[in-house]
Amino acid sequence: MTHTEVENPLDLYYWLALERVPRVGPLTIAKLIAVFGNPKTVLEVSAADLRRQVGLSQKLSEIISEYVPPEKDIRKDIEILKETNTKLILRWDQSYPSDLKEVHDPPAMLFVRGNIAACNDRAVGIVGTRNPTAYGLDMTRSLTRDFVRAGITVVSGLARGIDTECHKTALKEGGKTIGVLGCGINIVYPRENGPLIDGMAQAGAVVSEFRPGIQPLGTNFYRRNRIISGMSKGVIVVEAALGSGSLITAKHALDQNRDVFAVPGNTLNSRSAGPHHLLKQGAGLVERASDVIENLFAPAVSIRQPTLFPKSLDLSLSPEAERIYETIDLDPIHIDLICEAVKIEVGKVSGLLLELELNGFVRQYPGKMFARSHD
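Residues numbered from 1 in each chain as written. Predicted model: local features only at pLDDT ≥ 70, side-chain atom pairs only at ≥ 80, totals over all residues. Heavy atoms only, no water.

Student: How do you make sense of the overall build of the chain when you look at a structure like this?
Tutor: Helices and strands together make up the secondary structure of the chain, namely 17 helices and 12 strands. C-alpha atoms of the chain, sized along the principal axes, occupy 85 × 40 × 35 Å. Taken over 375 residues, the chain has a buried fraction of 52%. Expressed as a percentage of contacts within the chain between residues at least 6 apart in sequence, the contacts between residues at least 24 apart total 69%. (Helix = DSSP H or I, 4+ residues; strand = E, 2+ residues; numbered from the N terminus. Buried < 20%, exposed > 50% of the residue type's maximum accessible area, 1.4 Å probe, protein only. Contact = heavy atoms within 4.5 Å.)

Student: When you look at empty space enclosed by the protein in this model, what are you seeing that I'm missing?
Tutor: Where empty space is left becomes clear once a probe the size of a water molecule has been rolled over the atoms. The full count for this structure, using the stated rule, is 4 cavities of 30 Å³ or more. There is about 50 Å³ of room inside the largest cavity. Forming the boundary of the largest cavity are Arg130, Gly157, Leu158, Ala159, Leu181, Gly182, Cys183, Tyr189, Pro216, Phe221 and Arg224. Classifying every residue of the lining of the largest cavity gives 7 nonpolar, 2 polar and 2 charged. (1 Å grid on protein atoms, 1.4 Å probe; cavity = no way out; pocket = protein on both sides within 12 Å on 5 of 7 lines; lining within 4 Å. Points joined across faces, edges and corners; volume = space filled by probe spheres on them. Nonpolar A, V, L, I, M, F, W, Y, C, P; charged D, E, K, R; others polar.)

Student: Could you clarify how one ought to interpret the pairing of strand S12 (residues 369-372) in this entry?
Tutor: Put simply, side chains in a regular strand alternate between the two faces of the sheet. The sheet contact formed by strand S10 (residues 333-334) and S12 spans 2 bridges and is antiparallel. Across the sheet, the residue bridging to isoleucine 333 is phenylalanine 370, located in S12. In the sheet, strand S11 (residues 362-365) pairs with S12 via 4 bridges, with the strands oriented antiparallel. Note that in S12 the partner of valine 362 across the bridge is arginine 372. Hairpin geometry of S11 and S12 is characterised by an intervening segment of 3 residues between the two adjacent antiparallel strands and by a positive phi of about 85° at glycine 367. (Pairing = 2+ DSSP bridges.)

See the structure below:
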């Protein structure tokens, strides 16, 4: 069975109708299509034929055969897909993500904004907490930057925190990124990510297995997470508490025979508990993108490995600026502590920090906190 995305309005209508049938999920849809070939036929056959030819239970066979599609609602969905320039891609289509096809229960249908086929060769998933530390954000930016420079697509879940930083960095670097929603393709969640989603639809892809209008219910994210891992060769957990959704994504990855990686962190911070748990269970330790690339893609992929710190301050900075730079490390430090360490008054330190920041050696964080830049 071969498709090239669903463009015929009549075909689209019946696919959307089949998706709405109660108790019919991706595995059942796959069985039905394998026997009957198309959704219109599935919705027209008798309960006896469904039971005899597909092996469904009597109850489910009756539900399918007696189902009356809500025509008005389906027509509305079709209009939304048209307005948002969303395509319906089936698991039998050539453009369907090849890695996702290999999992136990791939979505029978994906609603896609953007060009998913262009992002389909090599991908890694990056997930983490919605409330990251400055260190977690720095690591996310560093990893993402090097992945996209190596031509690797970055997949995440468009949640606040680590996910959002991952997608933003990929777009900033001109790379490919895929966001997987836990709601309908027309629902902007979180609300502030509207511009980000639009940007990803232009330079990457935003996907969902949920029809238009489905709200971001908690139960949806378990299903969303299996798609993140299923589209990736491996999954990296940056920061996450024990029991978080990020660890569920890691579990999906293991179930799908994907590699799991984790970024170590501060042992006193609860956000490090999830990655450290994974590391104890045998996850690959990640300090930089090359740790993952060498494991999953080498020797086909290579990146220019930047140094963690500049080798020297060769831009004729003042001795005071060099003293300040030597005081600062990877972890953000408050300006008052910098002043105390270098014995320079705060006004002058502020100017010198600005000089270092403009030259790319220092990054400023909220609350007058400063740390060495990873760039």
